[in-house]
Amino acid sequence: ALQGRNILGSAQTGTGKTLAYMIPIVTGLTNNPGSIAIILTPTRELASQVRDAWNDLTGMDIKLKTALLIGGQPMPRQCDQLQKSPRLIVGTPGRVNDHLKRKTLKLDQARFFVLDETDRMLDMGFSEQIQRIERYIPKKRQTFMFSATFPDNILSLAKKYLTDPVRISIGEVSKPVERIRQEVIKTSTSDKFPFLLKELDHREGSIIIFVKTKHGAKNLANKLYRENHSVDAIHGNLHQPKRDRVLREFRTSRKRILVATDVAARGLDIPHVMHVINYDIPQCADDYIHRIGRTGRAGAEGNALCFVSSMDTQKWSRIYKSVNF
């Protein structure tokens, strides 16, 4: 990337991908006054985390302003950020398109274009919005595209956006990192909650519990709260200020347990997470790998537990065959 090459990359979750693409961007923007970079992510949480990582990296010495363009936040506040000539734009495709339509955002000086978690963005239906954004960006640029998997639609997008890219793969993205201890408990649906309470009692440290639905996240968090656990829930129905507060309290260990839907399965980096529990099993092996990748970050040890009921047997069998346990 420092040599000016386009990158088509994949890496196991928790291996430092964000920092790897930020270092060349900081270098490029510092050496080219007036140029900007734009980073697209699938979720608000990941966009906020990328912006925070940028601020940590650049600090006070490198004065490169940022703008965070995500849904759920007031447009006037974002317009104020854009009027201050930010050098880095981080956002979700929908909100970035909103600003392009309003002409509050100009990308004619974009030197870097980053697509983070591209497979997830396409799964969420952002393909057309990404294409609209790309039309505003100069052809002469560096493009970094990162994806956990490379199905045909990703490779087609890569051919369209990346000229002569370097293909880089770090680790086996089809399996979890080795330092995560994986366990399975086979149980009935009615016994799942009592088993969960036992597991929470003998585990130490911060825990993320993944469930299938927004309603399920809210209900399980309420049940755990009634059992005197320090818990909160995050899901797509929360307003952005509440989502920010929930994550902040979990990051700072004010809450020990976070009950989450898959909105928290991708990219979320909270180093002190010791355990991930799949209360509801995920839809596929890729989702399983991303969920349990919230623990065992940056070489640390982690623990993953999956509850499997009789109704889940076939789905679990497919996941088990695809993941190297």
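Details of the structure are given in the entry above.
Residues numbered from 1 in each chain as written. Predicted model: local features only at pLDDT ≥ 70, side-chain atom pairs only at ≥ 80, totals over all residues. Heavy atoms only, no water.

Visitor: So what exactly am I meant to see when it comes to the overall build of the chain here?
Guide: Within the chain, the secondary structure is distributed over twelve helices and 13 strands. Computed over its C-alpha atoms, the radius of gyration of the chain comes to 20 Å, within 12% of the 20 Å expected for a compact globule of 325 residues. Its C-alpha atoms put the chain at 60 × 40 × 35 Å along the principal axes. When each of the 325 residues of the chain is scored for burial, the buried share is 53%. Within the chain, contacts between residues at least 6 apart in sequence are counted, and of these 75% link residues at least 24 apart. (Helix = DSSP H or I, 4+ residues; strand = E, 2+ residues; numbered from the N terminus. Rg over C-alpha atoms; globule rule 2.2 N^0.38 Å. Buried < 20%, exposed > 50% of the residue type's maximum accessible area, 1.4 Å probe, protein only. Contact = heavy atoms within 4.5 Å.)

Visitor: Just checking my understanding: could you explain the pairing of strand 4 (residues 88-91) for this structure?
Guide: One face of the sheet, then the other: side chains in a regular strand alternate in exactly this way. Of the two faces of strand 4, the one holding Leu-88 and Val-90 and the one holding Ile-89 and Gly-91 are both buried throughout. Across four bridges, the pairing between strand 2 (residues 36-40) and strand 4 is parallel. Opposite Ile-38, over in strand 4, you have Ile-89 as the bridge partner. Handedness of the crossover joining strand 3 (residues 66-69) and strand 4 through helix 3 (residues 75-83) is recorded here as right-handed. (Pairing = 2+ DSSP bridges. Right-handed = clockwise from strand over helix to strand, strands pointing away.)

Visitor: Help me out: how do you make sense of unusual backbone geometry in this one?
Guide: Positioned with a positive phi, Ser-85 is a non-glycine residue whose angle comes to about 55°. Turning to its location among the elements, Ser-85 is positioned in the loop between helix 3 and strand 4. Even without a glycine there, the phi angle at Ser-253 is positive, about 65°. Checked against the element boundaries, Ser-253 lands in the loop between helix 10 (240-251) and strand 11 (257-260).

Visitor: For this particular structure, what's the right way to read the nonpolar core?
Guide: In a soluble, globular protein the nonpolar side chains are often hidden away together inside. The biggest cluster of nonpolar side chains holds 29 residues, and the ones touching the most others in it are Ile-208, Phe-210, Ile-234, Leu-258, Tyr-288 and Trp-316. Of all elements in the fold, only strand 9 (206-210), helix 10, strand 11, strand 12 (273-278), helix 11 (285-292), strand 13 (302-308) and helix 12 (313-322) reach the threshold of two or more residues within this core. Considering each element in turn, this core owes the most residues, four residues, to helix 11. Excluding its chain neighbours within four sequence positions, the residues that come into contact with Ile-234 are Glu-45, Arg-243, Val-246, Leu-247, Leu-258, Val-259, Ala-260, Thr-261, Val-263 and Ala-264. (Core = buried A, V, L, I, M, F, W, Y, C linked by side-chain atoms within 4.5 Å.)

Visitor: Teacher, can you tell me more about the sheet that holds strand 13 here?
Guide: Pairing within the open sheet is parallel, and its six strands lie in the order 8-13-12-9-11-10. One side of each edge strand has no neighbouring strand; the edge strands of this open sheet are strand 8 (180-186) and strand 10 (231-234). Adjacent strand axes in the sheet meet at a mean angle of 20° when their direction is disregarded. Along the sheet face, helix 10 touches strand 9, strand 10, strand 11 and strand 12 and points at about 135° away from the line of strand 10. Across the face of the sheet, helix 11 comes into contact with strand 8, strand 9, strand 12 and strand 13 while running at roughly 150° to strand 12. (Axes fitted to C-alpha atoms, helices over the stretch in contact; angles between N-to-C directions.)

Visitor: Could you clarify how one ought to interpret the pairing of strand 12 in this entry?
Guide: Of all six residues in strand 12, five are buried; the element is thus mostly enclosed. The sheet contact formed by strand 9 and strand 12 spans five bridges and is parallel. Across the sheet, the residue bridging to Ser-206 is Val-273, located in strand 12. Note: strand 12 against strand 13, four bridges, orientation parallel. When the sheet's bridge partners are listed, His-275 is paired in strand 13 with Asn-303. On the question of chirality, the crossover connecting strand 12 to the parallel strand 13 by way of helix 11 is right-handed.

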